[in-house]
Amino acid sequence: MKKFKFRLESLLKVKEHLERERQKEHAAARERVAHQQDRLSEIDAQRQTTVKQQRQRLTGDISVADLLVCSRFLVKLKSNTLEGTEILRGLEAEADKSRDRLIDASRQKKIYEKLRERQREKHLEEMKRLENKEIDEIATNSRRQKGG
């Protein structure tokens, strides 16, 4: 019985490699999004800590200079939050695009895998057909020898 050989095996390997590359790209994009979300969480934690400290200071003597420094720091944190949010939106858009590219690469690979599977099934059917033909031929020859 002859062995099955998929003629487009090298193309399938390329598609598999492309899919793995797209998986890596998507993972890196998701990691950047997570990192940016962590940065935003840190900024928010700093803001909350600063506000809490400022509330505690309000019970005693209030220095205008301290209030000014605190106010400027909170404005800076708000600016950083807005900037970080914009960066996060861009990173999420990039992650969505990388996910779409990954989905496309997976579809392309599956097309070739299905094609290979269909060709393998056809090959097996052909081998069965040839085997049955040989069995019929052997049976016919043995009947001739017995009868003749």
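For the structure itself, consult the block above.
The text that follows walks through the structure, step by step, so that each part is easy to find. Since this is a predicted model, take the numbers as computed values, not measurements. (Residues numbered from 1 in each chain as written. Predicted model: local features only at pLDDT ≥ 70, side-chain atom pairs only at ≥ 80, totals over all residues. Heavy atoms only, no water.)

**Considerations on the overall build of the protein**
Okay, so step 1: In terms of helices and strands, the protein carries two helices and zero strands.
Okay, so step 2: A compact globule built from 148 residues would reach a C-alpha radius of gyration of about 15 Å, whereas the protein, at 34 Å, exceeds it by more than 25%.
Okay, so step 3: Relative to its 148 residues, the protein shows a buried fraction of 20%.
Okay, so step 4: Of the contacts made within the protein by residues no fewer than 6 positions apart, 91% connect residues no fewer than 24 positions apart.
Okay, so step 5: Split by element, the accessible area of the protein, about 11900 Å² in all, is 51% carbon and sulfur.
Okay, so step 6: Here the protein carries 37 positive and 27 negative side-chain charges, and the mean point of each set is 3 Å from the other. (Helix = DSSP H or I, 4+ residues; strand = E, 2+ residues; numbered from the N terminus. Rg over C-alpha atoms; globule rule 2.2 N^0.38 Å. Buried < 20%, exposed > 50% of the residue type's maximum accessible area, 1.4 Å probe, protein only. Contact = heavy atoms within 4.5 Å. Areas by Shrake-Rupley, 256 points an atom, 1.4 Å probe, with all protein chains shown as cover. Lys, Arg positive; Asp, Glu negative; His and termini not counted. Charge placed at Lys NZ, Arg CZ, Asp CG, Glu CD.)

**Details of a nonpolar patch on the surface**
Okay, so step 1: Taken together, Leu 8, Leu 11 and Val 14 make up a surface patch of nonpolar side chains, about 220 Å² in accessible area.
Okay, so step 2: Its place among the elements puts Leu 8 in the segment before helix H1 (9-57). (Patch = residues over 30% accessible without salt bridge, like charges linked within 9 Å, V, L, I, M, F, W, Y side chains within 5 Å. Salt bridge = Lys/Arg side-chain N within 4 Å of Asp/Glu carboxyl O.)

**Remarks on the environment of Tyr 112**
Okay, so step 1: Topologically, Tyr 112 is positioned in helix H2 (residues 64-147).
Okay, so step 2: Looking at Tyr 112, the relative accessible area reads 17%, which means it is buried.
Okay, so step 3: Look past the residues within four positions of Tyr 112 in its chain and what remains in contact with it is Phe 6, Leu 8, Leu 11, Leu 12 and Lys 15.

**Notes on H1**
Okay, so step 1: Over its 49 residues, H1 extends 72 Å from the first C-alpha to the last, a length consistent with the 72 Å expected when each residue adds 1.5 Å.
Okay, so step 2: Within H1 the residues assigned to the buried category are Leu 12, Lys 15, Glu 16, Glu 19, His 26, Ala 29, Val 33, Gln 36, Leu 40, Ile 43, Thr 50 and Gln 54.
Okay, so step 3: In the core, the buried residues of H1 are packed alongside H2. (Expected span 1.5 Å × (residues − 1).)

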